[in-house]
Amino acid sequence: MGTEGASSPRLAARMAEIQPFHVMRLLARARELERQGRDIVHMEIGEPDFTAPEAVVEAGVQALRDGRSHYTPASGLTELREALADYYRRQYAVGLDARRILVTPGASGALQLLLGILLDPGDEVLMADPGYPCNRNFVRLYEGRARPVPVGPETRYQLTEELLRAHWSPSTRVVMLASPANPTGTWVAEDDLRAMAALCAERGAALVVDEIYHGLLYPPRWWTAACLAGEIFVINSFSKYFAMTGWRLGWLVAPMEYVEALERLAQNLFLAPPTPAQYAALAALDEDNCALLERRREIFRQRRDYLLPALRRLGFEIACEPDGAFYIYADCSHLDNDSFILSRQLMEQAGVVVTPGIDFGHHRADQHLRFAYTTSLERLREGVARMTEFFG
Ligand SMILES: Cc1ncc(COP(=O)(O)O)c(C=O)c1O
């Protein structure tokens, strides 16, 4: 059958600017190779290889069995918001009014809600390049303008007060940070964060701090931007530390005066976060479960401690060591000047999949690869052995 008669869909102009993840093309090819019987080491996957612990799964299943699958309030179950406030008290020694915590469909839902209530067309959002790619697309969706700020090892791949001052414009309305960040795994030091918060307060901009990789810091650090006053919004999720990516649950801590608007938009955008997942999340916040997650954190640390020197021995330059998450962002310019081509060769010839820098922005993207240690030490060793052979 030909394509005669088929016409291309008429899409909104913004869709020309919303990019797919390039790694998906690699992944599709990797799956094809796997179907042909080839063994592939996956070092591209941005989610824990662990699943939600048994007690968490059980709580979700029980909720379904009990028929607790109707809509909840748009901002989430009251008991979950209170349990999250308790989690902040326990982990961070920070007292939060539970009404300031909104449960969302993943951190993704929180980001969309937040930008929805903050941005008018043309408003600018400062963010690090490299950084989490969806942010600029969310900004585009609301007709704002993403302003990527090139960052490198000299600022540990993070924005600083100085960089904000240099890139600020009269249209700057929001500053977005992630700590620890994707793809670099670096964390923003408390003093730097306070300085950026003060600048945002002085200039009337909102500060969004994405703490989705909190809990995955080596060694652990429990300090949250949620303890700061002002127009500061903190995002987190059950996806990474709690290993619940597919349950689609996150949360947002907002200043009280924004809660009503957030709830109003949440009612319209999502109606409610997924109900069985919210009951499972109550079990995820339980102290016993958190003790188990700490043991998993130690496994991630061991993997990082193995992979970091191994990549350096292979010739990758890693100018600043990641503090957390499960990523290593490595400069591959000594090996190849096009990281997308290198990632394709690594897959085809060495059977190792990694994410090319281009998925995280433009700044020196062609010279970087992101390695994720979301697979066992044994598989990481296998990947390193294959790359050692590939690089000769
Ligand atoms: C920095 C960052 N923020 C937000 C998200 C979205 O996470 P989720 O919607 O699963 O909570 C991700 C996912 O990889 C991420 O890396």
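Keep in mind that what you see is a predicted model, and the values were worked out from it rather than measured. (Residues numbered from 1 in each chain as written. Predicted model: local features only at pLDDT ≥ 70, side-chain atom pairs only at ≥ 80, totals over all residues.)

### Focus on the overall build of the protein chain
Next, step 1: Along the backbone of the protein chain there are 12 helices and 12 strands.
Next, step 2: The C-alpha atoms of the protein chain give 21 Å as radius of gyration, which agrees with the globular expectation for 392 residues (21 Å, within 12%).
Next, step 3: Expressed as lengths along the three principal axes of its C-alpha atoms, the size of the protein chain is roughly 60 × 60 × 50 Å.
Next, step 4: A buried classification covers 44% of the 392 residues belonging to the protein chain.
Next, step 5: Partitioning the intrachain contacts of the protein chain with sequence separation of at least 6 by distance along the chain shows that 74% fall at a separation of at least 24. (Helix = DSSP H or I, 4+ residues; strand = E, 2+ residues; numbered from the N terminus. Rg over C-alpha atoms; globule rule 2.2 N^0.38 Å. Buried ≥ 20, exposed ≤ 12 C-beta atoms within 10 Å, placed from the backbone. Contact = placed C-beta atoms within 7 Å.)

### Describing the environment of alanine 281
Next, step 1: Positionally, alanine 281 belongs in helix H9 (residues 275–284).
Next, step 2: Residue classification places alanine 281 among the buried positions, given that 29 C-beta atoms sit within 10 Å.

### Topic: the nonpolar core
Next, step 1: The biggest cluster of nonpolar side chains holds 109 residues, and the ones touching the most others in it are Val175, Leu207, Leu252, Ala280 and Phe371.
Next, step 2: The greatest single-element share of this core, amounting to 7 residues, is contributed by helix H4 (residues 106–118).
Next, step 3: Counting only domains with at least three residues in this core, you end up with domain 1 (13–51 + 290–391) and domain 2 (54–286).
Next, step 4: Aside from chain neighbours lying at most four places away, what touches valine 175 is Leu126, Leu159, Leu164, Met196, Cys200, Ala205 and Leu207. (Core = buried A, V, L, I, M, F, W, Y, C linked by C-beta atoms within 7 Å. Domains from an automatic or database assignment.)

### Some details on the domain arrangement of the protein chain
A common measure of how large an interface is: the accessible area buried when the components associate.
Next, step 1: Structurally, the protein chain comprises domain 1 (13–51 + 290–391) and domain 2 (54–286).
Next, step 2: For domain 1 and domain 2, the distance between their C-alpha centres works out to 25 Å.
Next, step 3: Domain 1 puts 32 residues into the contact, and the matching count from domain 2 is 31 residues.
Next, step 4: Breaking the side of domain 1 that touches domain 2 down by element, the ones donating at least two residues are helix H10 (287–313) and strand E9 (327–331).
Next, step 5: Per-element tally for the side of domain 1 that touches domain 2: the top contributor is H10, with 5 residues.

### Remarks on the sheet that holds E9
Next, step 1: Within the open sheet, the 3 strands sit side by side as E9-E12-E11. Their pairing is antiparallel. The sheet is open, and its two borders are formed by E9 and strand E11 (355–356), each paired with just one other strand.
Next, step 2: In terms of strand pairing, E11 meets strand E12 (residues 368–372) through 2 bridges, oriented antiparallel. Paired with threonine 355 across the bridge in E12 is arginine 370.
Next, step 3: Relative to the sheet, H10 contacts E9 and E12, its axis offset from that of E9 by approximately 10°. (Pairing = 2+ DSSP bridges. Axes fitted to C-alpha atoms, helices over the stretch in contact; angles between N-to-C directions.)

### So, the pairing of strand E4 (residues 145–150)
Next, step 1: Taken together, the 6 bridges between strand E3 (residues 124–129) and E4 define a ladder with parallel strand orientation. Considered in E4, the bridge of alanine 128 is made with valine 149.
Next, step 2: With helix H5 (residues 134–141) bridging E3 and the parallel E4, this β-α-β connection has right-handed handedness. (Right-handed = clockwise from strand over helix to strand, strands pointing away.)

### Brief notes about the packing of helix H1 (residues 23–35) against helix H11 (residues 339–350)
Next, step 1: With their axes 10 Å apart at the nearest point, H1 and H11 run at an angle of 10° to one another. The angle between H1 and H11 falls in the class roughly parallel. From H1, Leu26, Arg29 and Ala30 reach across to H11, where they touch Ser343, Arg344 and Met347.
Next, step 2: Here the residues of the contact of H1 with H11 are counted per class, giving 3 nonpolar, 1 polar and 2 charged. (Parallel < 35°, antiparallel > 145°, perpendicular 65-115°, else oblique. Nonpolar A, V, L, I, M, F, W, Y, C, P; charged D, E, K, R; others polar.)

### A closer look at the sheet that holds strand E5 (residues 172–178)
Next, step 1: Pairing within the open sheet is mixed, and its 7 strands lie in the order E2-E8-E7-E6-E5-E3-E4. The sheet terminates laterally at strand E2 (101–104) and E4, the two strands that pair on one side only. Here the strands of the sheet are splayed against their neighbours by 25° on average, with no regard to which way each runs.
Next, step 2: Where E2 and strand E8 (residues 250–253) come together, 4 bridges link them in antiparallel fashion. If you follow valine 103 over to E8, its bridge partner there is tryptophan 251.
Next, step 3: Of the strands in this sheet, E2, E5, strand E6 (206–210), strand E7 (232–237) and E8 touch H4, which is tilted by about 35° from E8.

### A short note on the site of the ligand
Next, step 1: Near the ligand lie 13 residues; those nearest to it are Gly106, Ala107, Ser108, Ser237 and Ser239.
Next, step 2: Counting residues per element, the shell around the ligand draws most heavily on H4, at 3 residues.
Next, step 3: Across the shell around the ligand, the residue classes break down as 4 nonpolar, 8 polar and 1 charged. (Near = placed C-beta within 6 Å.)

### Details of H9
Next, step 1: Among the 10 residues that make up H9, 7 are buried, leaving the element largely enclosed by the rest of the structure.
Next, step 2: Restricting attention to buried positions, one finds in H9 the residues Ala277, Gln278, Tyr279, Ala280, Ala281, Ala283 and Ala284.
Next, step 3: Of the surrounding secondary structure, the elements contacted by the buried residues of H9 are helix H2 (54–65), helix H3 (78–92), E2 and H10.

### Concerning the pairing of E7
Next, step 1: Counted residue by residue, E7 has 6 buried out of 6 residues, so it is predominantly covered.
Next, step 2: The alternating pattern of E7 places Ile232, Val234 and Asn236 and Phe233, Ile235 and Ser237 on opposite faces, both of which are buried.
Next, step 3: Bridge count for E7 against E8 is 4 bridges, and the pairing is antiparallel. Across the sheet, the residue bridging to asparagine 236 is tryptophan 251, located in E8.

### Some thoughts on the packing of H11 against helix H12 (residues 377–391)
Next, step 1: Across the interface, H11 lies against H12 with an axial gap of 10 Å and an inter-helix angle of 105°. It follows from the interaxial angle that H11 and H12 lie roughly perpendicular. Residues Leu346, Gln349 and Ala350 of H11 touch H12, and the partners they reach there are Arg386, Met387 and Phe390.
Next, step 2: Looking at side-chain class alone, the contact of H11 with H12 contains 4 nonpolar, 1 polar and 1 charged residues.

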